[in-house]
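In case you want the letters, here they are:
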Amino acid sequence: MARKFFVGGNWKCNGTLEEVKKLVSTLNAAEVPSEDVVEVVVSPPFVFLALVKSLLRSDFAVSAQNCWVRKGGAFTGEISAEMLVNLNIPWVILGHSERRLILKEVNEFVADKVTYALGQGLKVIACVGETLEQREAGDTMNVVSEQTKAIAEKVKDWSNIVVAYEPVWAIGTGRVATPAQAQEVHSELRNWLKVNVSPEVAESTRIIYGGSVNAGNCVELAQQPDVDGFLVGGASLKAEFVDIIKSATTKQG
Ligand code: PEP
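Residues numbered from 1 in each chain as written. Predicted model: local features only at pLDDT ≥ 70, side-chain atom pairs only at ≥ 80, totals over all residues. Heavy atoms only, no water.

(A) Fine view of the overall build of the chain. Helix and strand content of the chain: 11 helices and eight strands. Computed over the C-alpha atoms, the radius of gyration of the chain is 17 Å, within 12% of the 18 Å expected from 2.2 N^0.38 for a compact globule of 253 residues. The C-alpha extent of the chain, read off along each of the three principal axes, is 50 × 45 × 35 Å. Counting every position in the chain, which comprises 253 residues, the buried fraction comes to 53%. In the chain, of all internal contacts separated by at least 6 residues, the share reaching a separation of at least 24 is 73%. As displayed, the chain offers around 11,500 Å² of accessible surface, 52% of which is attributable to carbon and sulfur atoms. Both charge centroids of the chain, one from 25 positive and one from 30 negative side chains, sit 4 Å from each other. (Helix = DSSP H or I, 4+ residues; strand = E, 2+ residues; numbered from the N terminus. Rg over C-alpha atoms; globule rule 2.2 N^0.38 Å. Buried < 20%, exposed > 50% of the residue type's maximum accessible area, 1.4 Å probe, protein only. Contact = heavy atoms within 4.5 Å. Areas by Shrake-Rupley, 256 points an atom, 1.4 Å probe, with all protein chains shown as cover. Lys, Arg positive; Asp, Glu negative; His and termini not counted. Charge placed at Lys NZ, Arg CZ, Asp CG, Glu CD.)

Laid out in structure tokens, this is it:
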């Protein structure tokens with residue numbers, strides 16, 4: 001079965017109440033391909049999750065940007081997977097490079113979070129990706145496969161995971177990976193899943209690209225056979241996010 005194109009919008013730590021409402025109105029008014037063609041998920045900061053969920057069109061879903069690694073309790077400042085489930089938030093982004101690098105979340109911790117969130121019934125956008133230094137040292141696939149391996153060692157069912165390949169050097173920098181660079185890593189990652197998990201998981205798991213995707217570069221990236229969609233940061237706060245969603249039609253026919 002073909003992998004459905006997936007477009008996620010990571011709003012990160014941005015937005016006022018007014019800006020969030022305006023962005024949701026823009027999305028609600030947009031003409032985009034049907035749900036059969038593209039799955040759209042937007043990820044506002046925690047404080048706006050319930051509001052966005054209540055206002056957003058029903059064919060788009062909402063995601064949290066993180067959650068606690070285990071059951072909630074005495075963990076000041078954290079939000080548990082159970083709370084997201086309680087609010088009917090279906091998705092969570094885990095292992096984003098900003099959390100790996102700034103908040104020092106290591107592979108095992110991210111894998112524990114993925115396992116716990118899946119166990120609570122959430123769907124997970126699991127992020128992997130190398131730094132510029134690692135790429136220049138020729139370590140891209142080692143890094144990306146180690147990050148994926150940590151998850152694969154704990155997770156048996158991949159049906160609720162989308163893998164986001166996000167080279168750190170491309171995130172928020174305006175320096176997008178070339179379509180060939182993205183395709184190379186996506187294809188190697190898919191092969192890693194084939195060899196180390198199963199051919200079925202490799203074939204069905206969506207591997208999306210993130211890192212300075214915009215309206216101008218999304219179509220060429222979407223044309224790559226192993227690019228199954230995007231995780232979009234900066235451009236997801238702008239009307240051009242709609243054009244990125246529309247790039248899903250590139251996969252048809
Ligand atoms: C991201 O943060 O996931 C991201 C891809 O950001 P940007 O599109 O701004 O590079």
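(B) Expanded view of unusual backbone geometry. Unlike most non-glycine residues, Asn-88 shows phi in positive territory, near 60°. Along the chain, Asn-88 falls in the loop between helix 3 (81-86) and strand 4 (91-94). A positive phi angle is found at Ser-212, which is not glycine, with a value near 60°. Following the sequence through the fold, Ser-212 ends up in the loop between strand 7 (207-210) and helix 10 (218-222).

(C) Fine view of the site of the ligand. Within the structure, the ligand sits among 14 residues, and Lys-12, Glu-166, Gly-172, Ser-212 and Gly-233 are positioned closest to it. One of the backbone N or O atoms of Ser-212 is found 2.7 Å from an oxygen atom in the ligand. For the ligand, an oxygen atom lies 2.8 Å from a polar atom in the backbone of Gly-234. A breakdown of the residues in the shell around the ligand according to their chemical character gives four nonpolar, eight polar and two charged. (Near = heavy atom within 4 Å. Polar contact = N/O pair within 3.5 Å; in protein donor to acceptor, adjacent residues only side chain to side chain. Nonpolar A, V, L, I, M, F, W, Y, C, P; charged D, E, K, R; others polar.)

(D) Spotlight on helix 1 (residues 17-29). Spanning 13 residues, helix 1 covers 19 Å between terminal C-alpha atoms, matching the ideal 18 Å at 1.5 Å per step. For helix 1, the complete set of buried residues consists of Val-20, Leu-23, Val-24 and Leu-27. Taken end-on, helix 1 shows its buried residues confined to a sector of 100°, consistent with a single buried face. Every exposed residue of helix 1 that faces more than 90 degrees away from the buried side is listed here: Glu-18, Lys-22 and Ala-29. On the buried face of helix 1, the contacting elements are strand 2 (38-43), helix 2 (49-55), strand 3 (60-64) and helix 11 (241-246). (Expected span 1.5 Å × (residues − 1). Arc of directions from axis to C-beta.)

Shape descriptors only; they carry no functional weight alone.
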